[in-house]
Structures are given as C-alpha cells and as structure tokens.
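# Structural characterization, general
Chain by chain, the residues:
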Amino acid sequence: VQRPYITHFHVGSELGMAFCGPDGSDAGSVQIDCWAGSRGEATELAWQVYRRLASQDSTFAAESIRRLPSAYEPDTKLHRCSWEVAATTEVPSAP
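Numbers given for residues are sequential positions, taken from 1 along each chain in its written order. Totals for whole chains, interfaces and linings use every residue, but because this is a predicted model, local features are given only for residues with pLDDT of at least 70 and side-chain atom pairs only at 80 or more, for both listing and counting. Derived side-chain values reflect all non-hydrogen atoms in the structure, with water molecules and hydrogen atoms excluded from consideration.

Glancing now at the side chain of Ser29. Counting from the N terminus, the helices are DSSP H or I runs at least four residues long and the strands are E runs at least two residues long. In this fold, Ser29 is placed in strand E2 (residues 21–36). Three labels apply to residues, based on accessible area from a 1.4 Å probe with only protein chains included: buried if under 20% of the type maximum, exposed if over 50%, partly exposed otherwise in between. Judged by its relative accessible area of 15%, Ser29 is buried. Whether two residues are in contact is decided by their heavy atoms: any pair within 4.5 Å suffices. Apart from the residues lying within four places of it in its own chain, the contact partners of Ser29 are Phe9, His10, Val11, Gly12, Glu84, Val85 and Ala86.

Shown next, in the form of structure tokens:
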C-alpha cells in the first residue's frame, strides 16, 4: 500500500423516527484515519481531509467534526491522525 493513505469506517447510526413511523433520515458517524510514516505527514493529510469536510455544500453537510487522539502503531511503524464526522443523510429508497 502506498503511503500516506486514508481509511474510514462506519461507527454507527440511528434511523430517524416520527410519530407516524420512519422519517427517512439516517444520523450516523464515520471515523476517518490518516496514516503516514511521520506524525507531521499524517497531521498534514488530516488537515487536508478536515478542510474538505468543512467545505459544506448542498450535497454534504457535517453536523460535527471531532479530532480524535493521534496514535503510533509500532507493528506497522505508521502514525495516525483521526476525525470522527457526524452527519445526517437520507435513507436510500428501494430500487
């Protein structure tokens, strides 16, 4: 795998409900990890990700962007900087 790189995973979500049933929303969180051979490189990549996430438009709007603790993984010799991003999206309709 070429370095630096970005990984992400779905932390969890909650489907929106109203008195009459599901309202079609999905409020969830995603953790985005930026990996690199040095802490400085991982941090710079993480700030690039942050700037992209913070540029909200009609197709994407984060409710919150939270910086998670940085870490070093001795087995892979990689530094990690992470964000947790919360957003509400529409539940995809059935085909």
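Now that the structure has been shown, we can carry on.
Pairs were defined over the aromatic rings of Phe, Tyr and Trp, the Trp ring being its six-membered one, requiring ring centres within 6.5 Å. Orientation was assigned from the angle between planes: stacked under 30 degrees, edge-to-face over 60, tilted for the rest. Applying the stated criterion across every chain, the model contains four aromatic pairs. Pairing Trp47 with Trp83 gives two aromatic rings, centres 5.2 Å apart and planes at 75°, and the pair type is edge-to-face. Of the two residues, Trp47 is situated in helix H1 (residues 39–54) and Trp83 in strand E4 (residues 78–90); the sequence distance between them amounts to 36 residues. Assessed through its relative accessible area of 3%, Trp83 is described here as buried. With a centroid separation of 5.1 Å and 35° between ring planes, the pair formed by Tyr50 and Trp83 is classed as tilted. Of the two residues, Tyr50 sits in helix H1 while Trp83 sits in strand E4, which places them 33 residues apart along the sequence. Within the aromatic cluster, the residues linked to one another by ring pairs are Trp47, Tyr50 and Trp83. Directly above the aromatic system of Trp83 lies the positively charged group of Arg67, at a separation of 5.6 Å from the ring centroid. Only when the NZ of Lys or the CZ of Arg is both within 6 Å of the ring centre and within 35 degrees of the ring normal is a charge said to sit over the ring.

Every case where a carboxyl oxygen of Asp or Glu lies within 4 Å of a side-chain nitrogen of Lys or Arg is listed as a salt bridge. In the structure shown here, the tally under the stated rule is three salt bridges. Where Arg66 meets Glu84, a salt bridge forms, and the shortest distance between an N and an O atom there is 2.7 Å. On the criterion of sequence distance, the pair formed by Arg66 in strand E3 (residues 62–73) and Glu84 in strand E4 is long-range, its members being 18 residues apart. Overall, the relative accessible area of 47% leaves Arg66 in the partly exposed class.

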